[in-house]
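Working through the structure, step by step
What follows is the residue order along each chain.
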Amino acid sequence: MSKVELRNIAKIYDGATKVVKDVNIHVDDHDFVVLVGPSGCGKSTTLRMIAGLEEVTEGEILIDGVVVNDQPPKDRDIAMVFQNYALYPHMTVYENMAFGLKLRKYPKNEITERVNDAAKILGLEKFLNRKPKELSGGQRQRVAVGRAIVRKPKVFLFDEPLSNLDAKLRVQMRTEISKLHKKLKATIIYVTHDQTEAMTMGNKIVIMKDGEVQQIGAPLNLYNNPVNKFVAGFIGSPSMNFIDGNLINKDGLSFQAEDNSSISLSGKSFDFLSNHLNEKIVMGIRPEDFKVDSNQFTGNGSYINAKIEVVEPLGNETFLYFSIKDTQLIARVDSATKIEVDEMLKLHLDLEKIFFFDENEIRLN
């Protein structure tokens, strides 16, 4: 069993700067947990505390039920894969992968067996005698992963391992790491700033901001049920659109945007908004939930009058950019839809798919 538990973890630098604040995370055996958030949110510091590379200021870290706060990294039975590969340039691929086992004085035959097994899993068999400088970025990253695999640790830690790769290689390595997780049935904690990596790789996502956990859950649950504006805007690509305004009673409940245009909310029960009339409020709608044709969705709808400013055809879909006052919005529509710049459109929105947030950015529905 390989479980990791963080209980009220905090990290304070110089006695004042709190970069991680009261973090609680439970990682079950075989979980693939992704810590995601913008730069400086504390995700890498949290990972380094799990690894033992940073001291824990407050709270406890448990691995398989044992508090490891005071254990050095070598005694925690974890393996870490870094962003910069951290390979020894003068060693071959074989020697890089075997180095940790040699330090632990494993028998030569067992080292050879483990390295060969890892090389086979990662497709590195024909590269074992090469030096890192003779490898591509993706191959170097596989060597770094292989060095972790041969250890057979309780927990794998990945710190933004794909950020140095080009877009095509990132997609390939995402797939390879996901397949590796299934094959090894490993427990993985993975740090990234890329929400696409988080959504496609993890079975559980931890979203962080300013050192605090905002929400934990399965990818689709976070996408469909964000607890606040930050989570709603962070998960999804392109990001959710946000429109500032307030609620008014205009022949029924309506949302009035900053340019005084209004969106009727009639036809659906919005009882939870009844206490927020005339308050500042934010409406959120994802780009894919705008439709040019109101018959493209089921349920009740409304619409926004939009003057299209930019059209981005992407082959299988088209992005339309338009503005409400000074706020730029984006709609994702079918590529078969022929739209011109400066064209006036009614962009329909499904009332079942919209979100509302209060002044404190907490979700209301």
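All figures in this text were calculated on a predicted structure; none of them were measured in a lab.

1. As for the overall build of the protein
Looking only at helices and strands, the protein has 8 helices and 21 strands in total. A principal-axis box enclosing the C-alpha atoms of the protein has dimensions of 80 × 45 × 35 Å. Taken over 365 residues, the protein has a buried fraction of 48%. Counted over contacts in the protein with a minimum sequence separation of 6, partners at least 24 positions apart contribute 66%. On the protein, roughly 17,700 Å² of surface is accessible, and the fraction owed to carbon and sulfur atoms is 46%. Taking the 47 positively charged and 50 negatively charged side chains of the protein as two groups, their mean positions are separated by 9 Å.

2. Here we look at the nonpolar core
Among the nonpolar cores identified, the biggest contains 46 residues, and Met97, Phe156, Phe158, Ile177, Tyr190 and Ile207 are the most heavily contacted of them. Excluding its chain neighbours within four sequence positions, the residues that come into contact with Phe156 are Ala79, Ala148, Ile149, Leu184, Ala186, Thr187, Ile188 and Ile189. By size, the runner-up hydrophobic cluster in this structure holds 28 residues, among which are Ala257, Leu329, Ile354 and Phe356.

3. Quick look at unusual backbone geometry
Here the residue pair Ser237 and Pro238 is connected by a cis peptide bond, since its omega of -5 degrees sits within 30 degrees of zero. Tracing the chain through its elements places Pro238 in the loop between α8 (229–234) and β11 (241–249). The phi torsion at Tyr85 lies on the positive side, around 75 degrees, for a residue other than glycine. In this structure, Tyr85 sits in the loop between β6 (78–81) and α2 (93–103). With a relative accessible area of 11%, Tyr85 lands in the buried category. A positive phi is found at Asn260, a non-glycine position, where the angle reads about 75 degrees. By the element assignment, Asn260 lies in the loop between β12 (253–257) and β13 (262–264).

4. Considerations on the packing of aromatic side chains
The full count for this structure, using the stated rule, is 9 aromatic pairs. For the pair Phe255 and Phe356, a centre-to-centre distance of 6.4 Å together with 55 degrees between the ring planes defines the contact as tilted. One end of the pair, Phe255, is in strand β12; the other, Phe356, is in strand β21 (residues 355–357), and 101 residues separate them in sequence. Residue Phe356 is classed as buried on the basis of its relative accessible area of 0%. Through pairs of rings, three or more aromatic residues link up here, namely Phe255, Phe270, Phe272 and Phe356. A cation over a ring is seen here: Lys229 above Phe242, with NZ or CZ 5.0 Å from the ring centre. Stacked on the ring of Tyr223, the Lys or Arg Arg286 has its end atom at 3.9 Å from the ring centre.

5. Describing the side chain of Lys43
Looking at where Lys43 falls in the secondary structure, it is placed in helix α1 (residues 43–51). Within the local environment of Lys43, its side chain forms a polar contact with the backbone oxygen of Pro38, the two atoms lying 3.1 Å apart. Lys43 has contacts with Leu35, Val36, Gly37, Pro38, Glu160, Val191, Thr192, His193 and Met208, leaving out every residue within four places of it along the chain.

6. Looking at the sheet that holds β21
With antiparallel pairing, the 5 strands of this open sheet are ordered in space as β13-β12-β11-β14-β21. Only two strands of the sheet have a single partner each, and these edge strands are β13 and β21. Neighbouring strand axes in the sheet, compared pairwise and without regard to direction, differ in orientation by 40 degrees on average. Across 6 bridges, β11 lies against strand β14 (residues 280–285) in antiparallel orientation. By the bridge assignment, Asp244 is partnered in β14 with Val282.

7. Here we look at helix α4 (residues 137–149)
Look at α4: 18 Å from first C-alpha to last across 13 residues, which is about the 18 Å you get at 1.5 Å a residue. In terms of burial, α4 is a largely internal element, 11 of the 13 residues being buried. When α4 is considered as a whole, its buried residues turn out to be Gly138, Gln139, Gln141, Arg142, Val143, Ala144, Val145, Gly146, Arg147, Ala148 and Ile149.

8. Overview of helix α3 (residues 108–122)
Taking 1.5 Å of rise per residue, 15 residues should cover 21 Å, and α3 covers 21 Å from first to last C-alpha, within 8% of that figure. Along α3, the residues that are buried comprise Ile111, Arg114, Val115, Ala118, Ala119 and Leu122. Buried positions in α3, seen along its axis, are confined to an arc of 130 degrees and lie on one side of it. More than 90 degrees from the buried face of α3, the exposed residues found are Asn109, Glu113 and Lys120. At its buried positions, α3 is contacted by α2, α4 and α5 (167–184). Backbone geometry just after α3 places Gly123 at a positive phi near 70 degrees.

Rules used in this analysis
- Residues numbered from 1 in each chain as written.
- Predicted model: local features only at pLDDT ≥ 70, side-chain atom pairs only at ≥ 80, totals over all residues.
- Heavy atoms only, no water.
- Helix = DSSP H or I, 4+ residues; strand = E, 2+ residues; numbered from the N terminus.
- Buried < 20%, exposed > 50% of the residue type's maximum accessible area, 1.4 Å probe, protein only.
- Contact = heavy atoms within 4.5 Å.
- Areas by Shrake-Rupley, 256 points an atom, 1.4 Å probe, with all protein chains shown as cover.
- Lys, Arg positive; Asp, Glu negative; His and termini not counted.
- Charge placed at Lys NZ, Arg CZ, Asp CG, Glu CD.
- Core = buried A, V, L, I, M, F, W, Y, C linked by side-chain atoms within 4.5 Å.
- Phe/Tyr/Trp six-rings, centres within 6.5 Å; stacked < 30°, edge-to-face > 60°.
- Lys NZ or Arg CZ within 6 Å of the ring centre and 35° of its normal.
- Polar contact = N/O pair within 3.5 Å; in protein donor to acceptor, adjacent residues only side chain to side chain.
- Pairing = 2+ DSSP bridges.
- Axes fitted to C-alpha atoms, helices over the stretch in contact; angles between N-to-C directions.
- Expected span 1.5 Å × (residues − 1).
- Arc of directions from axis to C-beta.

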